[in-house]
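# Reading the structure
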Amino acid sequence: EVCQRLVLWVSAAGGGQRAAGEEFGRKSTEVTGELRAQYAALLRRAVAGVAQAGPSLHQALRQVAAKPPGAAFKRTKREPRGGPAGAAGGYGSDPYGGGDEFETEPVDREDDRERSEEAASRDELDTCVGPILAHVDTVVKGLRRIVPQRRALVGVLRGLWDSLGAEGLKFVEEDLRQRSSWRLRLMATGAVDKISTAIVGAIRDALGHDVKEKDFEPPMPVRKLTEFIEGTASDSVSVF
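Residues numbered from 1 in each chain as written. Predicted model: local features only at pLDDT ≥ 70, side-chain atom pairs only at ≥ 80, totals over all residues. Heavy atoms only, no water.

Here we take up the pattern of salt bridges. With the rule as written, the count across this model stands at six salt bridges. Note that Glu-124 is salt-bridged to Arg-183, the shortest N-O span being 3.1 Å. Of this pair, Glu-124 sits in helix α4 (residues 106-146) while Arg-183 sits in helix α6 (residues 182-207), placing them 59 residues apart in sequence. A residue is classified by how much of its surface remains accessible, and Glu-124, at 6% relative accessible area, is buried. Note on Arg-183: relative accessible area 26%, which makes it partly exposed. Note that Asp-175 and Arg-185 form a salt bridge whose closest N and O atoms lie 4.0 Å from each other. In this pair, Asp-175 is assigned in helix α5 (residues 150-178) and Arg-185 in helix α6, connecting sequence segments ten residues apart. You'll find Asp-175 and Arg-185 in the same group, each marked buried. (Salt bridge = Lys/Arg side-chain N within 4 Å of Asp/Glu carboxyl O. Helix = DSSP H or I, 4+ residues; strand = E, 2+ residues; numbered from the N terminus. Buried < 20%, exposed > 50% of the residue type's maximum accessible area, 1.4 Å probe, protein only.)

As structure tokens, this is what we get:
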């Protein structure tokens, strides 16, 4: 509508509507190109500032890699099911003073060990990615307060998503060259998944009914990380 009005104004000033339309088309293309370039440059600066202000996913994953599995968590000694050693009448204790050899079956101990390790892995992942999720939440709240244009807000969030995904991908590529640790690669993937969930939720909240499928498309580093992990898992199963 604005374009048509300008064409009519130029035409009314002389030169005919066709000439006015052609001239306006050339000028509008030039101006649009310049505006897009300026917007892209400003967006890159905004994303860089937001990313640098928060914790580094790559550094957090390196800290996890420097420790053995579950090293960040102290495991407490489990008491017999009946309570502390020597307690009388407890379930699983020997009434003749034989100790706690009837505490549980060997299969139960193995299941408990696996559940304990799984819980430790989840806690380790939460500890790794927790500060980053907190930063994402802070960024979202700040942008909603100071950036009225929702599409600009989404542009910054997608840029941050791309940046954090690139950090996760970089870690996996480094780990593959250095020690090829499947646990650490899964840790990186799990961290990026949690970040993706948080950012997708923020985009949905910001755009509401105006959201489109392309707004949820993962950035290239996130897609590459997912494809790499899925491909490696398939190869491992095939070899096995």
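From this point, the narrative continues.
We now examine the environment of Ala-202. For Ala-202, the position within the fold is in helix α6. Owing to a relative accessible area of 9%, Ala-202 belongs among the buried residues under this scheme. Filtering out sequence-adjacent residues up to four positions away, Ala-202 remains in contact with Val-140 and Leu-157. (Contact = heavy atoms within 4.5 Å.)

Here we come to the packing of helix α3 (residues 57-65) against α5. Axis separation between α3 and α5 bottoms out at 8 Å; the angle between their running directions is 35°. Helix-helix and strand crossings are classified by hand; for α3 and α5 the assignment is right-handed. Of the residues in α5, those in contact with Leu-57, His-58, Leu-61, Arg-62 and Ala-65 of α3 are Leu-164, Glu-167, Gly-168, Lys-170, Phe-171, Glu-174 and Gln-178. In terms of residue class, the contact of α3 with α5 is made up of five nonpolar, three polar and four charged. (Axes fitted to C-alpha atoms, helices over the stretch in contact; angles between N-to-C directions. Left-handed = near helix turned anticlockwise from the far one by under 90°. Nonpolar A, V, L, I, M, F, W, Y, C, P; charged D, E, K, R; others polar.)

Positionally, Thr-189 belongs in helix α6. Take Thr-189: its relative accessible area is 12%, and that puts it in the buried class. Other than its neighbours up to four places away in sequence, Thr-189 contacts Leu-225 and Ile-229.

With that settled, consider empty space enclosed by the protein. Applying the stated criterion across every chain, the model contains one cavity of 30 Å³ or more. The calculated volume of the largest cavity comes to roughly 40 Å³. What lines the largest cavity is simply Val-50, Ala-51, Gly-54, Pro-55, Ile-132, His-135, Leu-160, Ser-163, Leu-164 and Glu-167. Going through the elements one at a time, α2 (17-53), α4 and α5 are the ones with two or more residues in the lining of the largest cavity. With four residues, α5 is the single largest residue contributor to the lining of the largest cavity. Residue composition of the lining of the largest cavity, by class: six nonpolar, three polar and one charged. (1 Å grid on protein atoms, 1.4 Å probe; cavity = no way out; pocket = protein on both sides within 12 Å on 5 of 7 lines; lining within 4 Å. Points joined across faces, edges and corners; volume = space filled by probe spheres on them.)

The next subject is the nonpolar core. Formed by 39 residues in total, the largest nonpolar core has its most connected members in Leu-57, Leu-61, Leu-157, Leu-164, Phe-171, Ile-195 and Ile-199. Every element with two or more residues in this core is listed here: α3, α4, α5, α6 and α7 (220-239). With twelve residues, the top contributor of residues to this core is α6. (Core = buried A, V, L, I, M, F, W, Y, C linked by side-chain atoms within 4.5 Å.)

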